[in-house]
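Next come the chains, spelled out residue by residue.
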Amino acid sequence: MNILEQIQSGFTIFDGGCGTILQAAGLAPGELPERWNISHSDVIRKMHFDYLLAGAHILKTNTFGASLNKFSEEELKQIIAAAIGNARAAIKAAEEKRSPDGTEADFSHVAKDHFVALDIGPLGKLLKPLGDLDFEDAYRLFLRTVEIGTEAGADLVLIETMNDIYEAKAAILAAKESGLPVFLTTAYDESEKLLTGADPRTVVAVAEGLGVDAVGVNCSLGPDQMMGIVETLCTYASVPVIVNPNAGLPRTENGKTVYDVKPADFRASMEKIAALGARILGGCCGTTPAHIAAMREGVEKLTPLPLSEKPHTLITSYTHAVEFGHKPILIGERINPTGKKRFKEALREHDIDYILQQGLLQQDQNADVLDVNVGLPEIDECGMMEEVVQELQAVCDLPLQIDTTNPEAMERALRRYNGKPMINSVNGKEEVMREVFPLAKKYGGLVVALTIDEDGIPPKAEGRLAIAEKIYRKAAEYGIKKKDIIIDPLAMSISAEADSAIETLKALSLIRDRLGGLSSLGVSNISFGLPKREIVNATFFSLAMENGLSAAIMNPGSGEMMKAYYAFCALKALDENCVSYIAFTETAASETVSAAKDSSAAAAAATSSAAMYESIKDPSLQPLAEAIVKGLKDRAGSISEGMLKEGRPALELIDGALIPALDIVGKGFEEKRFFLPQLLMSAESAGAAFENIRKQSRESGKKQEIKGRMILATVKGDIHDIGKNIVKLLLENYGFEVIDLGKDVPPEKILETAKAEHIRLVGLSALMTTTVPAMEETIKLLNAELPECKTVVGGAVMTPEYADMIHADRYCKDAMETVRFAEEFFKEG
């Protein structure tokens, strides 16, 4: 029986934690646990063996941090081979009913079938544009680990504890190259979001689009705190759901990390999780063979809920999903050169800022999705498409529709896309389906399917329906589900064909009623060649929605179109209490849009903008503040440079625009309205303005005011510096000088630097359970040798209680809280 057959047969049991067990066996603070596969193989084998006695089907290899950014090629091979060998040796011993150390053992709960999962954790770096690690470099690092693990005999690949869906994508693509089953589990915070903002529904959509065999959650939280996450996963996931919680919250006892959920309590919680629909169950930090045995005993009396194909059609950005099939989805059409002279100029002149502004404007105008088409014969469409997709995603969190007929441009954009996009488009031509469907299968996406084939566009609705059915059949041959196809029955101008609208509307209703499918249209095509096109467009849009239109490619800046949309949603009970309609009428009023066709939407956007930027007292500084809030780095640099050349005082820019703009984003981040990507891109944009100010200060000989100086470091043994780097970026933008000691920093170096630089505040970060003792050791050394120096700590495994136990002076849950604390600390001092 293979692992996928085992999962189909019933509950499948993962093993539990590793780090706390190795600590108990003597793993020193800062020591790399992966090396114990070779130096302490007896301990690793005994750990695996004990989990098998507890009833585990799947053993995770001790390779969480095993990659080329941590070990040499030769050592990496040795570590992974030894890790898989240790798991195999434990399995053999259990199957032969003999204990590795010769002691007596109870073999009554050993499972019939066992599997070795190559365990892959995060690389510890943010990917571009948020960090400095390129997507392809991350992919190559993961790929080498996967290749070695596959050669060494792993049965499946487990990608776990991912807190960035983009990094998870790189890992999944690498793992899929092995041909082995691929499982993904991600780590959420208490707000049920990943570090970079994705919620469970988004993770499911992206992971299933990329073809994982199971998806779930692990680490960071105890089982009770995971209930809401698990419920969402089970609602949306068609693949089996994995749940590997921590044993509650960590604390230290005698220099060791311990957890507060006992085996009996763990069992009770995991029984509830199993009842929600999770099928693959195990543990993470703090769980032991006793936890797994108790859990197994509890769930073996239950019957797992049947696996089923969920009906949800989802696309995503890196933060959120958009679901089709409930109310019509608005796809902004303005990032497209067709009929747009200024946009064509922007493409020819490589004016990325203009393109980004078009995207942000449509976001302000309440588009749900942005269409991205950059096809001009005289430019490099492949390079431009890849660049625009990445730049747009850096400043805008709407999902994108990749709109191109060039297969190379499509693949380059799909590979770099952060989320699950729309793919525009395929059609009924065999050649086109052969080109597009393999890309959709590999990268995931909602495929727009045009009802055109080798014979052209059928004049009648029934003919278009036949092409739609052919596309569905062909997509299924590639393993693409019907829910990931959206049919475009094509709207052609009534000025050329009088019954065009009638046939298109009929096709929409047939797609909905006969095929049970989704539909999309480029609405404005219906009025091509006519005067006052908005009148026709808006009326046709209303008729199309009534006939089942699922999504419209349209101009969200069109007042008439938006009036039709909000009125339709209110009339069809798709707008609870008419909230959206009322909000629209309050901002746009009943203004008639004529030649100034963007006016009503612009008025709405302006009202919203005024509320957001009320802290900017000088209107002339608002463009700079807006550039920073929206993460437009080049624009922020250009505006600030121009203002400084005009003689505007640097302090005026800092106090009037830069700090207020950062505060706007910071407050939004704290209130969960903005997420880490927006926070970082805003900080980068402010950094561009600050650099111009620093340059002017150097040239004039003036010194910039520094609010305070502090050290940041990731503790010994921990190579994950994402959190530290985020804190550093924000602190520097708020006027603090940061001495960054990097990652894997020994306590002695931190103390030595603090003494030499007369530092009064040290920030320490740790991601892994096994490295928290090194944090405690560092704090102990600082308190003994430099008691006037205070410590602030953070990281995925930290809690306020944990920070108190290791005698840190302050725990901060995120970068903004650290900034607030630093301001308070240095102000008082």
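Residues numbered from 1 in each chain as written. Predicted model: local features only at pLDDT ≥ 70, side-chain atom pairs only at ≥ 80, totals over all residues. Heavy atoms only, no water.

Using the criterion set out here, one finds 4 cavities of 30 Å³ or more in the structure. Surrounding the largest cavity, 26 residues form its lining, Cys 18, Gly 19, Phe 64, Glu 160 and Cys 285 being those nearest its centre. At the level of secondary structure, the elements contributing two or more residues to the lining of the largest cavity comprise helix H4 (41-53) and strand S4 (156-162). Among the residues making up the lining of the largest cavity, the classes are represented as 12 nonpolar, 9 polar and 5 charged. The computed volume of the second largest cavity comes to approximately 170 Å³. (1 Å grid on protein atoms, 1.4 Å probe; cavity = no way out; pocket = protein on both sides within 12 Å on 5 of 7 lines; lining within 4 Å. Points joined across faces, edges and corners; volume = space filled by probe spheres on them. Helix = DSSP H or I, 4+ residues; strand = E, 2+ residues; numbered from the N terminus. Nonpolar A, V, L, I, M, F, W, Y, C, P; charged D, E, K, R; others polar.)

Our focus in this paragraph is unusual backbone geometry. Each neighbour pair has its own omega, and for Lys 128 with Pro 129 the value is 10°, a cis peptide bond. Its location among the elements puts Pro 129 in the loop between strand S3 (115-120) and helix H6 (135-151). In the segment running from Asn 424 into Ser 425, the intervening peptide bond is cis, with an omega of 20°. Of note, Ser 425 is situated in strand S16 (residues 422-427).

Moving on: the confidence of the model for the chain. For the chain, the average pLDDT comes to 93, and 97% of its residues sit at 70 or higher. Overall, residues 590-605 carries pLDDT values under 50, and its contacts beyond four positions in sequence, including any with other chains, amount to 26 contacts. (pLDDT = per-residue confidence, 0-100. Contact = heavy atoms within 4.5 Å.)

Together, Glu 431, Glu 435, Glu 454 and Asp 455 make up a negatively charged patch on the protein surface. Examined against the element boundaries, Glu 454 turns out to sit in the loop between strand S17 (446-450) and helix H17 (461-477). (Patch = residues over 30% accessible without salt bridge, like charges linked within 9 Å, V, L, I, M, F, W, Y side chains within 5 Å. Areas by Shrake-Rupley, 256 points an atom, 1.4 Å probe, with all protein chains shown as cover. Salt bridge = Lys/Arg side-chain N within 4 Å of Asp/Glu carboxyl O. Lys, Arg positive; Asp, Glu negative; His and termini not counted. Charge placed at Lys NZ, Arg CZ, Asp CG, Glu CD.)

Moving on to the packing of aromatic side chains. For the coordinates displayed, the defined rule picks out 9 aromatic pairs. Geometrically, the ring pair formed by Phe 49 and Phe 107 is edge-to-face, given 5.9 Å between the ring centres and 70° between the ring planes. Taken as a pair, Phe 49 in helix H4 and Phe 107 in the loop between helix H5 (73-95) and S3 lie far apart in primary sequence, 58 residues in all. For Phe 49, a relative accessible area of 1% translates into the label buried. Judged by relative accessible area, which is 16%, Phe 107 ranks as buried. Note on Phe 437 and Tyr 478: the rings are 5.7 Å apart at their centroids and 45° apart in plane angle, and the pair reads as tilted. (Phe/Tyr/Trp six-rings, centres within 6.5 Å; stacked < 30°, edge-to-face > 60°. Buried < 20%, exposed > 50% of the residue type's maximum accessible area, 1.4 Å probe, protein only.)

Our next topic: the pairing of strand S15 (residues 400-403). The two faces of S15 match: Leu 400 and Ile 402 on one face and Gln 401 and Asp 403 on the other face are all buried. Regarding the hand of the β-α-β motif, the stretch spanning strand S14 (residues 369-372), helix H14 (residues 381-395) and S15 is right-handed. For S15 and S16, the ladder comprises 3 bridges, and the chain directions are parallel. When the bridges of S16 are listed, Gln 401 appears paired with Met 422. With helix H15 (residues 407-416) bridging S15 and its parallel neighbour S16, the resulting β-α-β unit is right-handed. (Right-handed = clockwise from strand over helix to strand, strands pointing away. Pairing = 2+ DSSP bridges.)

This part takes up helix H27 (residues 722-733). For an α-helix, the turn length of 3.6 residues means that residues three or four places apart are oriented alike. Here H27 contains 12 residues, and its C-alpha end-to-end distance of 17 Å stays within 8% of the 16 Å for a straight helix at 1.5 Å per residue. Buried within H27 we find Ile 722, Lys 724, Ile 726, Val 727, Leu 729, Leu 730, Leu 731 and Asn 733. Looking at the residues trailing H27, positive phi occurs at Gly 735, about 95°. (Expected span 1.5 Å × (residues − 1).)

The next thing to look at is the environment of Asp 113. Following the sequence through the fold, Asp 113 ends up in the loop between H5 and S3. Residues Asp 113 and Ile 693 lie 580 residues apart in sequence; the distance between their C-alpha atoms is 65 Å. If sequence neighbours within four positions are ignored, Asp 113 has contacts with Met 1, Gln 6 and His 57.

What follows is about helix H28 (residues 747-757). All of the buried residues in H28 are Pro 747, Ile 750, Leu 751, Thr 753 and Ala 754. Buried residues along H28 cover an arc of 165° about the axis, so they all sit on one side. Along H28, exposed side chains directed more than 90 degrees from the buried face belong to Glu 752 and Ala 756. Its buried side turned inward, H28 meets strand S21 (708-714), strand S22 (736-740), strand S23 (761-765) and helix H29 (772-785). One or two steps after H28, the chain reaches His 758, where phi turns positive at roughly 55°. (Arc of directions from axis to C-beta.)

With respect to the helices and strands, Phe 437 occurs in helix H16 (residues 430-443). Here the alpha-carbon distance between Phe 437 and Ala 476, two residues 39 residues apart in the chain, equals 9.6 Å. Leaving out residues up to four positions away in the same chain, Phe 437 has contacts with Val 426, Val 447, Ile 471, Lys 474, Ala 475, Tyr 478, Ile 480 and Ile 485.

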